Amino acid sequence: MVYGRSGGWLLNGINMARDKFIRYQQVKRLENVRDLGHLRPGTMANERGNWGRQVFGNENPIILELACGKGEYAIALAKKYPDKNFIGIDIKGERIWKGAGRALDENLPNVFFLRSRIDFLDQIFSENEISGIWITFPDPYLKSSKESKRLTSSKFLNLYKNILKPGAHVNLKTDSDELYAFTQKSVQEYGATVQEQIDDVYSLPEVPELLQIRTYYETKHLQKGLTIHFISFTLTQDS
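So, how was this worked out
- Residues numbered from 1 in each chain as written.
- Predicted model: local features only at pLDDT ≥ 70, side-chain atom pairs only at ≥ 80, totals over all residues.
- Heavy atoms only, no water.
- Helix = DSSP H or I, 4+ residues; strand = E, 2+ residues; numbered from the N terminus.
- Buried < 20%, exposed > 50% of the residue type's maximum accessible area, 1.4 Å probe, protein only.
- Lys, Arg positive; Asp, Glu negative; His and termini not counted.
- Salt bridge = Lys/Arg side-chain N within 4 Å of Asp/Glu carboxyl O.
- Contact = heavy atoms within 4.5 Å.
- Pairing = 2+ DSSP bridges.
- Right-handed = clockwise from strand over helix to strand, strands pointing away.
- Core = buried A, V, L, I, M, F, W, Y, C linked by side-chain atoms within 4.5 Å.

J.: Please clarify how unusual backbone geometry should be interpreted in this entry.
T.: For residues other than glycine, phi is negative in most cases, and the peptide bonds are mostly trans. Positive phi, normally seen in glycine, also occurs at Ala67, with a value near 50°. Along the chain, Ala67 turns up in the loop between β2 (62–66) and α3 (72–80). At Phe137, a residue that is not glycine, the phi angle is positive and equals roughly 50°. Inspection of the secondary structure assignment puts Phe137 in the loop between β5 (130–136) and α6 (154–163).

J.: It is not clear to me how the side chain of Asp175 should be interpreted in this structure. Could you clarify?
T.: Assignment of secondary structure puts Asp175 in the loop between β6 (164–174) and α7 (177–190). Lys224 provides the closest opposite charge to the buried, salt-bridge-free Asp175, at an N-O distance of 7.6 Å. Excluding residues within four positions of it along the chain, Asp175 makes contact with Phe137, His221, Leu226, Thr227, Ile228 and His229.

J.: Would you take a moment to explain the pairing of strand β3 (residues 85–90) for this structure?
T.: When a strand is regular, its side chains alternate between the sheet's two faces. Of all six residues making up β3, six are buried, and the element is well covered by its neighbours. Of the two faces of β3, the one lined by Asn85, Ile87 and Ile89 and the one lined by Phe86, Gly88 and Asp90 are each fully buried. Relative to β3, β2 is paired through five bridges, and the arrangement is parallel. Across the sheet, residue Ile63 finds its bridge partner in β3, namely Phe86. In the sheet, β3 pairs with strand β4 (residues 111–115) via five bridges, with the strands oriented parallel.

J.: What am I meant to see in the pairing of β4 here?
T.: Along β4, five of the five residues are buried, which leaves the element largely enclosed by surrounding structure. With burial as the criterion, each face of β4 is covered, one bearing Val111, Phe113 and Arg115 and the other bearing Phe112 and Leu114. By the bridge criterion, three bridges tie strand β1 (residues 33–35) to β4 in an arrangement that is parallel. Residue pairing in the sheet places Asp35 in a bridge with Arg115 of β4. Tracing the backbone out of β3, into helix α4 (residues 93–105) and back to the parallel element β4 gives a crossover that is right-handed.

J.: Before we go on, may I ask you to explain the nonpolar core in this structure?
T.: One recurring pattern in soluble globular proteins is that nonpolar side chains are buried together. Counting 39 residues, the largest nonpolar core has Trp51, Leu64, Ile87, Phe125 and Tyr160 as the members making the most contacts within it. Here this core gets five residues from one element, more than from any other, and that element is α6. Contact partners of Trp51, with chain neighbours within four places excluded, come to Leu36, Phe56, Ile62, Ile87, Phe112, Leu114, Ile124, Phe125 and Glu129. By size, the runner-up hydrophobic cluster in this structure holds 24 residues, among which are Val33, Ile96, Val201 and Phe230.

The following block contains the structure:
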């Protein structure tokens, strides 16, 4: 079947683009979202160094979920740890829209979302401001030319080290064999310390509670029979 301008594929494409635009406009008005997409090299977020006091109204530890998508991990962890603050970060506003709305619906004051590039983490947070990082099913950027875009490359490990408290954990959960192997090598070359490493999460007799949280993408990957990997490491020793 051939579709014209009013055909199904084009109409669906228009509807999808329209819906994304509407969600992006809506997400900027949500009280638990800050749009930092305007940041450029050398500029600093107004909240830098004061996220606890200015946004959450407390001094509780702050945990990041990077490339958070719909923020499933940030939300699940916020429910489990009401004495900690969680910030989901993604550049796609339409993805954040769902997680931010859910956090408001479920009355979770310890969840916040940022629309921002992860490259600017050290312009958003100050030294020792962050108590942990979760990276859940990020784009593995499989082409070797895109290696520096992988969220466990040395470029990003340097960013994390600049904002993490001493001894804070960086946690990666991925279905990508390539990203998992790359991370192991990257961590070793960086001189970081592996705290836990699980080659196949769901082969364990008992899956650790925090690894039972499933994102939208993880559910899809498991339905395809893919193996889920996990690695947790620290970039500095405890002070």
